[in-house]
Structures are given as structure tokens and as C-alpha cells.
Amino acid sequence: MGALATSPVGAQTPQQRELCYKTTAADEQTISGCTAVIQGGKENQQDLAIAYYNRGIGYQNKKDPDRALADYDQALRLRPNYSSAFNNRGNVFQSLGKYERAV
């Protein structure tokens, strides 16, 4: 896989946006692309919540529950009724054996 071109903080390339929002991107690509989108500061609240959610999925797939939970929490701060973020956050808590938090 090729390396992504780096961008100054606050900038994002169309490729990074595509990697963030593309469901078939590899986890590392999703994490990198969504980080650029989040740092870019150009997304509306709805799209920013999706970027955090998608990055959370990447972290969850890479077995990094702390980062996944942080991103799902941020997605829910931006979009309080985001059912997919609630579901995935519950799955992370369940995998950690925190069943009451999972519910």
C-alpha cells in the first residue's frame, strides 16, 4: 500500500476524505484519513461525527478499545442520537467485560 501524502494541520486532501468515508479502506487508511478530516476543521457537525465514528471503527478493529471509546464518545457528543455509535461503543464495553456499561 502506498503512503499518504502529509498535509499541514488544518488541511486535508480529497484522498484523505475518501479514505475516511470509504467503507472498504484498510483500518490504517481510515484512521489516517479521518484524523486529517477531523483536524481539517471544515466538516459540519454531522460529518464530523461520522469521521469520529469511522475512525473509532478503525481503532476497534485494531484492538485499541481506549481510542475507539474516545472516538465513539466524541461522535455522540456531536450527534447525541447516533445509534451506530451507541451500538459500537456498547460492543467495545462488552469486549472489555464491562457489561453494565455495554447496556
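Residues numbered from 1 in each chain as written. Predicted model: local features only at pLDDT ≥ 70, side-chain atom pairs only at ≥ 80, totals over all residues. Heavy atoms only, no water.

Asks: Go over the confidence of the model for the chain, please, and point to the residues and values.
Replies: Any region with low pLDDT has predicted coordinates that should not be read closely. The predicted model of the chain averages 89 in pLDDT, with 89% of residues at 70 or higher. Within the chain, helix α6 (residues 99–102) has the poorest average pLDDT of any element, 90, and helix α4 (residues 65–78) the best, 98. Across residues 1–9, confidence stays below pLDDT 50; counting only partners more than four residues off in sequence or on other chains, it has seven contacts. (pLDDT = per-residue confidence, 0-100. Helix = DSSP H or I, 4+ residues; strand = E, 2+ residues; numbered from the N terminus. Contact = heavy atoms within 4.5 Å.)

Asks: If you had to explain the pattern of salt bridges to someone new, which residues and values would you point to?
Replies: One pass over the full model with this rule turns up six salt bridges. Two residues, Asp71 and Arg55, come together in a salt bridge whose shortest N-O distance is 2.7 Å. In this pair, Asp71 sits in helix α4 while Arg55 sits in helix α3 (residues 45–61), placing the two residues 16 residues apart along the sequence. Classification of Asp71 as buried rests on a relative accessible area of 4%. With relative accessibility at 13%, the residue Arg55 sits in the buried group. Note that Arg67 and Asp64 form a salt bridge whose closest N and O atoms lie 3.8 Å from each other. (Salt bridge = Lys/Arg side-chain N within 4 Å of Asp/Glu carboxyl O. Buried < 20%, exposed > 50% of the residue type's maximum accessible area, 1.4 Å probe, protein only.)

Asks: Could you give an account of the state of the cysteines, with specific residues and numbers?
Replies: Across all of its chains, the model carries one disulfide by this definition. With a sulfur-sulfur separation of 2.1 Å, Cys20 is cross-linked through a disulfide to Cys34. The S-S bond linking Cys20 to Cys34 shows a torsion near 95°; that makes this disulfide right-handed. Pair noted here: Cys20 is in helix α1 (residues 14–21) and Cys34 is in helix α2 (residues 27–40), with a separation of 14 residues, a long-range link. Comparing Cys20 with Cys34, the two get one shared label, buried. (Disulfide = S-S within 2.5 Å.)

Asks: I'd like a description of the packing of aromatic side chains, backed by residues and values.
Replies: In this structure the tally under the stated criterion is two aromatic pairs. Ring centres of Tyr53 and Tyr72 lie 5.9 Å apart, and the angle between their planes is 45°; this geometry places the pair in the tilted category. Here the residue Tyr53 occupies a position in helix α3, and Tyr72 occupies one in helix α4, the gap between them amounting to 19 residues. Tyr72 carries the same exposure label as Tyr53, and that label is buried. Between Tyr53 and Tyr82, the aromatic rings sit 5.0 Å apart at their centres with planes inclined by 40°, giving tilted as the arrangement. Of this pair, Tyr53 sits in helix α3 while Tyr82 is found in the loop between α4 and α5 (83–95), placing the two residues 29 residues apart along the sequence. No difference in accessibility class separates Tyr53 from Tyr82, as the two residues are buried. The ring of Tyr82 has Arg79 sitting right over it, with the charged end atom 3.9 Å from the ring centre. (Phe/Tyr/Trp six-rings, centres within 6.5 Å; stacked < 30°, edge-to-face > 60°. Lys NZ or Arg CZ within 6 Å of the ring centre and 35° of its normal.)

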